[in-house]
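What follows is the residue order along each chain.
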Amino acid sequence: MVVWGGLRPIASRVFYDCLALAGLSYATFTPTHLQTAPSDKTSGNETTRPNNLNGWVLVASVALTIGSAGNFTNRWTISFPMVPLLFFQGLRRIRAVNKRTWLLFMIQGFSILCILLAFKLSILFPAVELPPIRGPYHVGTVDVHVPALSITEANGGFDCTHLLPIRILYPTLDEPTWPKYLVPTTALEYCRETMRFGAPPPLQEYDWMLHTWRLVNSQTRRNASLAPGKDKFPVVVFSHGLGGNADIYSYQTMSLAARGNVVVVMNHMDGSGPFVRTRRGAEVRFDHVTNQISGSAVDKIRRNQTDVRVREVLAATEAVLRLDEAEDAWNECHDSGNEFLANIIGLSFVGRLEVNHITAMGHSFGGATAITAAKRRPDLYHAVVAHEPAIGWIPDDARRSLFAKSKTNGLELAHTAEGLFDEEDHIYRTEDDPTVHDIDSLFLFSHEWWEKDYARCHLLGEMHKAGRLGPENGVVHFSYIQGAHHNEFSDTSMLTPLWLARSVGVTGKRNPLETAKEIHQRTMSFLNRTRLRHGLELLP
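Residues numbered from 1 in each chain as written. Predicted model: local features only at pLDDT ≥ 70, side-chain atom pairs only at ≥ 80, totals over all residues. Heavy atoms only, no water.

Structural notes on the pairing of strand E12 (residues 353–363)
Side chains on a regular strand alternate between the two faces of the sheet.
Then, in step 1: With 9 of its 11 residues buried, E12 lies for the most part within the structure.
Then, in step 2: As paired strands, strand E8 (residues 233–239) and E12 are joined by 7 bridges and run parallel to one another. Bridging from a neighbouring strand, Phe-238 pairs with Met-361 of E12.
Then, in step 3: In this sheet, strand E13 (residues 383–387) lies alongside E12 in parallel orientation, the contact comprising 5 bridges. When the bridges of E13 are listed, Ala-360 appears paired with Val-384.
Then, in step 4: In the classification by handedness, the crossover that spans E12, the intervening helix H11 (residues 365–376) and the parallel E13 is right-handed. (Buried < 20%, exposed > 50% of the residue type's maximum accessible area, 1.4 Å probe, protein only. Helix = DSSP H or I, 4+ residues; strand = E, 2+ residues; numbered from the N terminus. Pairing = 2+ DSSP bridges. Right-handed = clockwise from strand over helix to strand, strands pointing away.)

As for the nonpolar core
Then, in step 1: In this structure, Ile-166, Ile-168, Tyr-170, Phe-349, Tyr-381, Phe-443 and Leu-460 are the most contacted members of the largest nonpolar core, which totals 62 residues.
Then, in step 2: Among the elements that line this core, the one with the most residues is helix H9 (residues 296–325), at 9 residues.
Then, in step 3: Listed in part, the 55 residues of the second largest apolar core include Ala-127, Val-385, Ala-484 and Met-524. (Core = buried A, V, L, I, M, F, W, Y, C linked by side-chain atoms within 4.5 Å.)

Focus on the packing of aromatic side chains
Then, in step 1: Under the counting rule described, the total for this entry stands at 19 aromatic pairs.
Then, in step 2: Relative to Phe-349, the ring of Tyr-170 lies with its centre 5.6 Å away and its plane at 90°, an arrangement referred to as edge-to-face. Highlighted residues: Tyr-170 in strand E6 (residues 158–172) and Phe-349 in the loop between helix H10 (338–344) and E12, separated in sequence by 179 residues.
Then, in step 3: The exposure class assigned to Phe-349 is buried, which follows from its relative accessible area of 3%.
Then, in step 4: Plain terms: the ring middles of Trp-449 and Tyr-454 are 5.6 Å apart, the flat faces sit at 85° to each other, and that makes the pair edge-to-face. (Phe/Tyr/Trp six-rings, centres within 6.5 Å; stacked < 30°, edge-to-face > 60°.)

Written out as structure tokens, the structure reads:
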């Protein structure tokens, strides 16, 4: 832990790495041929025979590294230096080379450098895991496709031709089976698109650098049974940020489920995630073209994307709420996922969801999505949790509602709200229209964004101080995490070597594991206060 700055190295991986390095070192420092006594005592000529143990240890070290990692690149810190090492060790086995002391000395020197490189890389790029999830429940997960909302039917309804991939995390008493953190069928594409999106230009093509994440296991159980009893569980619908997906927010979403929430996590289909494969095999990749646009032009594009994301969030919410009514929910949509839940794994949510206590939650782009969804459907959501919301990407109707003149007039920073809205966008509001301020809200920022005043967080802070943020007599929290950075709301900082994360500004000076725990604690504190306000039992 000291070596890796507080991150959690995978214990089994450290053990395998040490065994492999020890084996490679043994094969390097022991002779490849052993001398034997001469068969003819009168001749005095010595003979040699191959050192089979040396060869077997070398082969075993290679097999251990690749076999325990699953493939060649998952533990690239050892397997890459191992390639030239095998070449040099192969040269040592040639008798002619063994007779040239100077050549043998050079080969040994290069072999030692390969071992030292593997050791150094394994220290610099450790295989780490997420901190343990604490709570009265274990966490069950199921990946399912739900139908989108119809945009043509007047009464809403579902569009069965458009299926949305979501992940449902829920309380269970079943022991975790520790499945892979990244979904194996899409992990390679995830690493490839994530590096193209998030890495600096020299490293964008080296997606194998993230393959260590494929060694991480998740403290969950796939398709587990719902915790028995008559208790109903509140629902949280989570929208990921730009470049994120359901996997990369596992710590926060699993922590909520372990405390008694049913968490619905989106895999958005708008090109804001690295990679999504639909139920019918279509692939949606990250929109790198839009990501290269800057200024006001990209804000307009992102606001349109937010509209798409909100429709997906609403569809997922409506679909999951139907699971509380009947096991044949979405019956009009064949092969939509519910049949898988009820008939194949026996998972039923009927009568187990608090349908009147739903929270819209998200980070960054997802925070903008959650705010907009809650504003547009206050009948559906009772609270919104916005982790560092991208305010500039909220569509005009929700931004006008958030920064209404009645809320900003007379404030010192009121002028900073100017220019937040599209001039050509004419939205007229009546007094009966719902606003963002009608809903209990948590606005939680990082120290990084607070110092740079991103997302108008200083104006939001002044509104909160003046009592103009959120409902009167409601539950409203506004704060920032001291020493935290934007990406620490996701799992990224807990899986990236600290020296690298800090050098590129992904992580601050504090331990990202402690930051993640504080984010969860503040979120749970807010959720329990909203439950207290509505006379509901507090979550453990």
